[in-house]
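Take a look at the letters that make up each chain.
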Amino acid sequence: MKVKCFLALLCFCGLWGCNRRVEKGNLPFTIDDAVSLQGEVIFEEQFWGNPARFYVLDSLLFVADKYDGKHLTILNLNTGQEKRFIDFGDGPEDLMQVRDISYNKQTGALTLWDSRLKKVSAYSVEGDTIYRRDAERISREDYNIARVYDVIPFSGGYISNGCFVNGEQFVWLNKGKEPVFFGEYPGDKTGIEIGGTFFLKTQTIMAANPNQEYFAAAGVFDDQLVFYRQTGEGFRKIKEYFSIDSQVETRYSKKGNMESFGSSITLETIHAYQALYPTESYLYAAYWGISEKELDEQSERATYIMKFDWNGNFCEGYMIPRLISRFAVDENRECLYTTILNGEDYNLVQYKM
């Protein structure tokens, strides 16, 4: 069965030129309906150091771009003017490793998660400038959990992924309240029940609707894509796609009271979802769907941007003829932004949708 799923995945990724319908698991794609996007370099003189996470808010592009002692670049998409914010360090207003950028429309706060400091920082946006509102460290003592990885604000609290009790992948945290665990991984758990190996094998990326009503997550090394809606009693799964288990090797050992765990990518490991981007109406998911072996061998590569509504219904798909792992969608301009490496420098590229 696993072999069949793997072959279906190769077919999905490699045969977009065929005039036939491909179904991978229970997630259908129609080849002829995939729109090929052509990119255009914009603001060519703009210097980027190490661009990572992206977010568009009105006419501003926010990029986690760590260089020259700063962490965040704000680019005005109307004028091309840029500003740099947030010092590097571990002080009250400093950050060290921005991993997630999200926006809460209910509070009007742009939020950055620092995975090294375990700190969530919220900012107000006024013009093309940000002002720090507050920050909170996510500690074991406050929330009675072992560890967190990604953290995004959601409905008065935070959602985190990680290795928690009973195999849950997600937890909703709200200070002073009991954590709400949900989202058990749907595949084979054999050999991954112990220690942190569970998350290493079933690693996910996450996104929340800016209106704070819906939450989605996707597999990095498997093709799970799941949509949730918050209810009065917790979280209700409203849609899930899944067909292949993660082909990641995990390791666990214990010596006395010391435990250690790790993971290894193999030639069969599938690089699945690379990024999720939320807007008020849609979720956009960047998908590679190629194995580590193909990543080393293939000359022609592509990223598939899949558009879903927040009930998990597939709307349409796009194809970018290169591998990208970070992007933002500007629905007002009907385009997608990403950066590509051109020699030793990065260029900002706009793809009309």
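This is a predicted model, so every value here is computed, not measured. Every chain's residues receive numbers from 1 upward, in the order its sequence appears when written. With the structure being a predicted model, the display of local features is reserved for residues of pLDDT at least 70 and the display and counting of side-chain atom pairs for 80 or more, all residues being used for whole-chain, interface and lining totals. As a rule here, side-chain values come from all non-hydrogen atoms in the structure, and water together with hydrogens is ignored.

(A) Structural context of the side chain of lysine 307. With respect to the element layout, lysine 307 can be found in strand β25 (residues 303-309). With sequence-adjacent residues up to four places away left out, lysine 307 is seen in contact with Tyr282, Leu283, Tyr284, Asn313, Phe314, Cys315, Glu316 and Tyr318. Secondary structure counts use DSSP, requiring at least four H or I residues in a row for a helix and at least two E residues in a row for a strand, with both numbered from the N terminus. The criterion used for residue contact is that any of the two residues' heavy atoms lie within 4.5 Å.

(B) Expanded view of the environment of arginine 132. Inspection of the secondary structure puts arginine 132 in strand β12 (residues 129-137). Sequence separation of arginine 132 and isoleucine 86 is 46 residues, and the distance between their C-alpha atoms is 9.4 Å. Not counting residues up to four positions away in its chain, the partners in contact with arginine 132 are Pro92, Glu93, Ala122 and Tyr123.

(C) Quick peek at the confidence of the model for the protein. How sure the predictor is of each residue is captured by pLDDT, a score from 0 to 100. The predicted model of the protein averages 85 in pLDDT, with 89% of residues at 70 or higher. Mean pLDDT per element in the protein: helix α1 (residues 2-14) is the minimum at 32, and strand β27 (residues 328-330) is the maximum at 97. Every residue in residues 1-28 scores below 50 in pLDDT, and together they form 55 contacts with partners more than four places removed in sequence or on other chains.

(D) Broad picture of the sheet that holds strand β4 (residues 39-42). Pairing between strands is defined by DSSP: at least two bridges between them are needed. The sheet built from 4 strands is open, its strands ordered β4-β29-β28-β27 with antiparallel pairing. Every other strand in the sheet has two partners, leaving β4 and β27 as the edge strands with one partner each. The mean inter-strand angle of the sheet, taken between neighbouring strand axes irrespective of direction, is 40 degrees. Bridge count between β27 and strand β28 (residues 335-342): 3 bridges; the pairing is antiparallel. Interaxial angle, 0 to 180 degrees, is taken between N-to-C directions of lines fitted to C-alpha atoms, where a helix line uses only the stretch in contact.

(E) Spatial organisation of the packing of aromatic side chains. Stacked, edge-to-face and tilted are the three classes for Phe, Tyr and Trp ring pairs, Trp counted by its six-membered ring, which pair at centre distances within 6.5 Å; planes under 30 degrees apart are stacked, over 60 edge-to-face, the rest tilted. What the rule picks out here adds up to 21 aromatic pairs. A centroid spacing of 5.9 Å and a plane angle of 80 degrees characterise the contact between tyrosine 185 and phenylalanine 242, whose relative ring orientation is edge-to-face. Of this pair, tyrosine 185 sits in the loop between β16 (180-184) and α3 (197-201) while phenylalanine 242 sits in the loop between β20 (234-241) and β21 (248-255), and the two are 57 residues apart along the sequence. Exposure remark for phenylalanine 242: the relative accessible area of 22% places this residue in the partly exposed category. Plain terms: the ring middles of tyrosine 273 and tyrosine 287 are 4.7 Å apart, the flat faces sit at 65 degrees to each other, and that makes the pair edge-to-face. With tyrosine 273 in strand β23 (residues 270-278) and tyrosine 287 in strand β24 (residues 282-291), this residue pair connects regions lying 14 residues apart in the sequence. Of the residues examined, tyrosine 287 reaches a relative accessible area of 1% and is grouped as buried. Ring pairs connect the aromatic residues Phe154, Phe170, Phe182, Phe215, Tyr228 and Phe235, which therefore count as one cluster. Remark: a charge is flagged as sitting over a ring if the NZ atom of Lys or the CZ atom of Arg is within 6 Å of the ring centre and within 35 degrees of the ring normal. For the cation-ring pair, arginine 84 lies above tyrosine 67, with the distance from its terminal atom to the ring centre recorded as 3.9 Å. Over the face of the ring belonging to tyrosine 282 we find lysine 307, whose NZ or CZ atom lies 4.1 Å from the ring centre. Summary of the burial criterion: residues with accessible area below 20% of their type's maximum are buried, those above 50% are exposed, and those between are partly exposed, where the area comes from a 1.4 Å probe applied to protein chains only.

(F) Spotlight on unusual backbone geometry. One non-glycine residue, phenylalanine 43, adopts positive backbone phi at about 50 degrees. Structurally, the position occupied by phenylalanine 43 is in the loop between β4 and β5 (51-57). Here phenylalanine 43 falls in the partly exposed class, since its relative accessible area comes to 30%.

(G) The nonpolar core, seen in detail. By size, the foremost hydrophobic cluster in this structure holds 44 residues, and its most contacted members are Leu61, Phe62, Leu112, Ile305 and Phe327. With 5 residues, the top contributor of residues to this core is strand β6 (residues 60-67). Only buried residues count toward a nonpolar core. Its members are Ala, Val, Leu, Ile, Met, Phe, Trp, Tyr and Cys residues joined through side-chain atoms within 4.5 Å. Membership of the second largest hydrophobic core comes to 20 residues, among which are Tyr214, Val248, Leu276 and Phe308.

(H) Fine view of the sheet that holds β5. Read from one edge of the open sheet, 4 strands run β5-β6-β7-β8, paired in antiparallel fashion. The sheet is open, and its two edges are formed by β5 and β8 (82-87), each paired on a single side. When strand polarity is set aside, the average angle formed by the axes of neighbouring strands in this sheet is 25 degrees. As defined by bridge partners, β5 adjoins β6 across 5 bridges and the pair is classed as antiparallel. The residue bridging proline 51 from the neighbouring strand is aspartate 65, located in β6.

(I) View of the side chain of aspartate 330. By secondary structure assignment, the location of aspartate 330 is in strand β27. Classification of aspartate 330 as buried rests on a relative accessible area of 1%. Residues adjacent in sequence count toward polar contacts only when both atoms are side-chain atoms; beyond that, a polar contact is any pair of N or O atoms within 3.5 Å, and within protein one must be able to donate a hydrogen and the other to accept it. Here the side chain of aspartate 330 touches asparagine 332 through a polar contact of 3.2 Å, landing on its backbone nitrogen. Contacts of aspartate 330, omitting those with residues within four sequence positions, involve Val56, Asp58, Leu77, Cys335 and Tyr337.

(J) Here's a closer look at the layout of surface pockets. Points on a 1 Å grid, built from protein atoms alone, make a cavity when a 1.4 Å probe fits but cannot get out and make a pocket when they are open with protein on both sides within 12 Å along at least 5 of 7 lines; residues with an atom within 4 Å of a point are the lining residues. Grid points are joined across faces, edges and corners, and a volume is the space filled by probe spheres set on the points. In this structure, the largest pocket spans a volume of roughly 550 Å³. Together, 29 residues line the largest pocket, and Arg53, Asp100, Met206, Ala275 and Leu276 are the ones closest to its centre. Gly is put with the polar residues, along with every residue not named as nonpolar or charged; the nonpolar set is Ala, Val, Leu, Ile, Met, Phe, Trp, Tyr, Cys and Pro, and the charged set is Asp, Glu, Lys and Arg. Taken together, the residues that form the lining of the largest pocket break down as 18 nonpolar, 6 polar and 5 charged. Taken as a whole, the second largest pocket encloses approximately 340 Å³ of empty space. Lining the second largest pocket are 15 residues, with Tyr55, Val56, Leu57, Thr279 and Glu280 positioned closest to its centre. Those elements giving two or more residues to the lining of the second largest pocket turn out to be β5, β23 and β27. Element by element, the count of residues in the lining of the second largest pocket is highest for β5, at 3 residues.

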